[in-house]
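Read off the chains here:
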Amino acid sequence: AGQLTVPVGDRITLHGNTVTQTGTLNAPGGTVQLLGDRIALLDQAQIDVSSSAGGGTVQIGGDFQGQGTLPTAQQVFIGANATIRANGVSNGNGGTVIVWSDQSTQVLGQITAKAGSLGGNGGLVETSSLGSLQVTNPPDVSAAMGLAGTWLIDPNNITIVPNGAGNVNISPTNPFQTTGDGAQIEVGVILAALQTGNVTLTTGTAGANTEAGDIILATPLDFDGIGTGNTLTFNAANNITIPNPIQDGNAATLDSLNVVLNANSDRAGFGSTIIVAPINT
């Protein structure tokens, strides 16, 4: 609940059965790890690994895609008023923020891995789970003078739904809860993220209900206002289904979007890309 600060490049690790943070952790250019079975950032909790040499690394609930030797969490909750920063300052690159769980990940707070204002590339933010995944606030991986970073979303099934139709159902007294497998991500969250960087949606075939690993665009994706140059990638272990258009709804603007569609991305079994509506990028 207090404040912990270590010198530049050093590490802070909190490892317990249940880890609850309401205070501030500062490790400029270093690493902050929150590891355990259940992890929650509540109230005004802050983690900051930003530095002039580039953003550091934040690992909450495990490492990239749950791989490596770090123990993985069952449940992770990041409250609406919590902030995680892994920014470059001046000429630094954005850092890396990993949020992982085996059962349930809920991200309501703000995550940034921005490049420095004078130079550098945006960082990497991953919000993933083998079970349910809920994200209501897009990360910022922007780069004013360099290449934009990437937001990776990696549950099992993913459905992009209309605004207001997400599956977020948060209890203020019990942040640790599950809502089944997969993710419903509102299209506005995806579009907001594309304004600052690239978005990659990747699915697997695990989870409590052994989901197929599909990606479904269940609403039109109008990328008017996102600017130019960023990429939306679908990597589905099974099928990609696009029954709604991907297009700029305002022909007077110069917005553009790169779209990459990879069905059967795990090369196990089968998978198809099913395009019913137009894609106009």
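Fair warning: this is a prediction, and the values are worked out from it, not measured in the lab.

**Q** Would you explain the overall build of the protein in this entry?
**A** Of the regular secondary structure elements, the protein holds 1 helix and 25 strands. Against the 2.2 N^0.38 benchmark of 19 Å for 281 residues, the protein shows a C-alpha radius of gyration of 18 Å, consistent with a compact globule. Its C-alpha atoms give the protein principal-axis dimensions of about 55 × 45 × 35 Å. Buried residues in the protein amount to 51% of all 281 residues. Residue pairs in contact within the protein that sit at least 24 positions apart in sequence constitute 72% of those at least 6 positions apart. Looking at the protein as shown, the accessible area adds up to about 11,200 Å², and 47% of this sits on carbon and sulfur atoms.

**Q** Mind showing me how you'd approach the sheet that holds strand β25 (residues 279–280) here?
**A** Adjacent strands of a sheet form backbone hydrogen bonds with each other and so pair up, either parallel or antiparallel. The strand order across the open sheet formed by 3 strands is β19-β22-β25, and the pairing between neighbours is parallel. Because the sheet does not close on itself, it has two edges, and the strands there are β19 (221–222) and β25. Sheet topology places strand β22 (residues 246–247) next to β25; 2 bridges connect them, and they run parallel. Counterpart to Ile246 in the pairing with β25 is Ile279.

**Q** Help me understand the environment of Gly36 in this model?
**A** Mapped onto the fold, Gly36 is located in strand β4 (residues 31–41). Accessibility expressed as a relative area gives 9% for Gly36, which makes it buried. Between the alpha carbons of Gly36 and Leu14 there is a distance of 8.3 Å; along the sequence they are 22 residues apart.

**Q** Looking at this structure, how should I read helix α1 (residues 187–194)?
**A** For an α-helix, the turn length of 3.6 residues means that residues three or four places apart are oriented alike. For α1, a buried count of 6 out of 8 residues is recorded, marking the element as mostly surrounded by other parts of the structure. Restricting attention to buried positions, one finds in α1 the residues Val187, Val189, Ile190, Leu191, Ala193 and Leu194.

**Q** Honestly, the sheet that holds strand β5 (residues 46–48) in this entry has me stumped. Any pointers?
**A** Taken in spatial order, the 5 strands make up an open sheet running β1-β3-β5-β8-β11, and their pairing is parallel. One side of each edge strand has no neighbouring strand; the edge strands of this open sheet are β1 (3–5) and β11 (110–112). Neighbouring strand axes in the sheet, compared pairwise and without regard to direction, differ in orientation by 5° on average. Where strand β3 (residues 24–26) meets β5, 3 bridges bridge the pair, whose relative direction is parallel. Looking at β5, one finds that Thr24 is bridged to Gln46.

**Q** What should I look at first to understand the side chain of Asn156 in this one?
**A** Inspection of the secondary structure puts Asn156 in the loop between β14 (150–154) and β15 (158–161). Looking at Asn156, its side chain comes within polar contact range of the main-chain oxygen of Leu130, at 2.5 Å.

**Q** Help me understand unusual backbone geometry in this model?
**A** Glycine aside, residues mostly have negative phi angles, and peptide bonds mostly take the trans form. A positive phi angle, near 55°, is found at Asp43, a position not held by glycine. Here Asp43 is to be found in the loop between β4 and β5. For Asp43, a relative accessible area of 53% corresponds to the exposed category.

Here is what the cut-offs are and how they apply
- Residues numbered from 1 in each chain as written.
- Predicted model: local features only at pLDDT ≥ 70, side-chain atom pairs only at ≥ 80, totals over all residues.
- Heavy atoms only, no water.
- Helix = DSSP H or I, 4+ residues; strand = E, 2+ residues; numbered from the N terminus.
- Rg over C-alpha atoms; globule rule 2.2 N^0.38 Å.
- Buried < 20%, exposed > 50% of the residue type's maximum accessible area, 1.4 Å probe, protein only.
- Contact = heavy atoms within 4.5 Å.
- Areas by Shrake-Rupley, 256 points an atom, 1.4 Å probe, with all protein chains shown as cover.
- Pairing = 2+ DSSP bridges.
- Axes fitted to C-alpha atoms, helices over the stretch in contact; angles between N-to-C directions.
- Polar contact = N/O pair within 3.5 Å; in protein donor to acceptor, adjacent residues only side chain to side chain.

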